[in-house]
Amino acid sequence: MDPLYLRRRLLLVAAVCLTCGLFAVAADEPSLTKEQIKQFLLTAKVVHSKESKKGATHTVRLTLSDGTITHDASFQALDQHKREMKLANGTTELNFVDSYKYNIAAYELAELLGMDDIVPVYVERKWEGNTGSLSWWLPVKMDEAERYKQKIAAPDPDAWNNQMFKIRVFDQLVSDADPNLTNVLIGENWQIWRIDFSRAFRLNKDVKSPKDLVRCDRQLLEKLKALDANAFTEKTKRYLTKDEVKALMARRDKIVAQFQTMIAQKGENEVLY
Ligand SMILES: Nc1ncnc2c1ncn2[C@@H]1O[C@H](COP(=O)(O)OP(=O)(O)O)[C@@H](O)[C@H]1O
Ligand SMILES: [Mg+2]
């Protein structure tokens, strides 16, 4: 084939793909890289604030602007440590922690696992004298609590399940003591996000709900196997203790082992996708 013709064709393909990419972004969603989003969240000026409507811990919805882009973000400054905490379900949790730091640790972990399309970017930022986590506000149409209540079915059950299986693996890995349905957010195209990890990173070395591990994305399983304790420690050293990292690595081992057992019993195609 004429190399010039080939080059023109490649250029045309590239142009078409670029256009698709642009149209895939909602009109009010600026298309930024994760690094640009981080920089924006770290440095843009806060121009407006209001108390969030949902959630129990009084997060604040901030509007930020860098002069070019204006976008909202969720600010969470909670950093509560208690020897004993009586929970809403009647049980008591010892050495209870509810901290904004875990939101940032969860995002760092999501990056290492290639799940940063499911967890929004969280950075550490100071606002009005308080240090907290700041997350990029997502274009949400409803949360999972609303979807469940209104019994709205996702249009593509396979695509929905494939995202949910990933979230389930992530939930068991981070050991969230409060994985409630208002922390699962749904976008226009039915993509799912998982937010709010302020009660995660518990010290249990066992997987709390092994039955939640049903299937696993192939790439996620590879990334889980490859998760390196030193790299994870380095990325989260400002947010997690050594014991929290150790417990997570122990759960990682158990999650991988459980999937390997399931593969041996049921066959790879039943378990992985
Ligand atoms: N990044 C975000 N994008 C869109 N909505 C968000 C975001 N972060 C929080 N929210 C909304 O604010 C609510 C409360 O925030 P959350 O971080 O879950 O704190 P908490 O539940 O501890 O009060 C969420 O349930 C969700 O509706
Ligand atoms: Mg919440």
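Thresholds applied
Residues numbered from 1 in each chain as written. Chains lettered and ligands numbered in written order. Predicted model: local features only at pLDDT ≥ 70, side-chain atom pairs only at ≥ 80, totals over all residues. Helix = DSSP H or I, 4+ residues; strand = E, 2+ residues; numbered from the N terminus. Buried ≥ 20, exposed ≤ 12 C-beta atoms within 10 Å, placed from the backbone. Contact = placed C-beta atoms within 7 Å. Pairing = 2+ DSSP bridges. Axes fitted to C-alpha atoms, helices over the stretch in contact; angles between N-to-C directions. Expected span 1.5 Å × (residues − 1). pLDDT = per-residue confidence, 0-100.

Draft legend 1. Molecular detail of the overall build of the protein. Of regular secondary structure, the protein possesses 9 helices and 10 strands. Going through the 273 residues of the protein one by one, you find that 30% of them count as buried. Sequence-distant contacts in the protein: of pairs separated by 6 or more residues, those separated by 24 or more amount to 66%.

Draft legend 2. Just the environment of Trp137, in detail. If you trace the backbone, Trp137 turns up in the loop between strand S7 (130-136) and strand S8 (140-143). A count of 16 C-beta atoms within 10 Å places Trp137 in the partly exposed class. A sequence separation of 108 residues divides Trp137 from Glu29, and the C-alpha atoms of the two residues are 9.9 Å apart. Residues contacting Trp137, with those up to four places away along its chain left out, are His71, Asp72, Ala73 and Ser74.

Draft legend 3. Expanded view of unusual backbone geometry. Its identity as a non-glycine residue notwithstanding, Glu128 has a phi of 50 degrees, on the positive side. With respect to the helices, strands and loops of the structure, Glu128 is situated in the loop between strand S6 (122-127) and S7.

Draft legend 4. Geometry of the sheet that holds S8. On the basis of which strands lie adjacent, the open sheet formed by 3 strands has the order S8-S9-S10 and antiparallel pairing. If you trace the sheet from one side to the other, it starts and ends with S8 and strand S10 (192-194), each paired once. Sheet twist, expressed as the mean angle between neighbouring strand axes with direction ignored, is 35 degrees. Where S8 meets strand S9 (residues 184-187), 3 bridges bridge the pair, whose relative direction is antiparallel. Counted as the bridge partner of Asp143 is Leu185 from S9. The sheet strands contacting helix H5 (residues 157-174) are S9 and S10, and the helix crosses S10 at an angle near 10 degrees.

Draft legend 5. Structural view of helix H8 (residues 242-266). Along its 25 residues, H8 runs 36 Å from first to last C-alpha, staying within 8% of the 36 Å computed at 1.5 Å per residue. Those residues of H8 lying buried are Glu244, Leu248, Arg251, Ile255 and Phe259. The inward-facing, buried residues of H8 contact H5, helix H6 (218-226) and helix H9 (268-271). In the segment just after H8, Gly267 is the residue with positive phi, at about 95 degrees.

Draft legend 6. Structural view of the confidence of the model for the protein. Residue-level pLDDT values for the protein average 90, and 89% of them are 70 or greater. Low pLDDT (under 50) marks residues 1-27, which in the prediction has 4 contacts with non-local residues, meaning those over four places away or in another chain.

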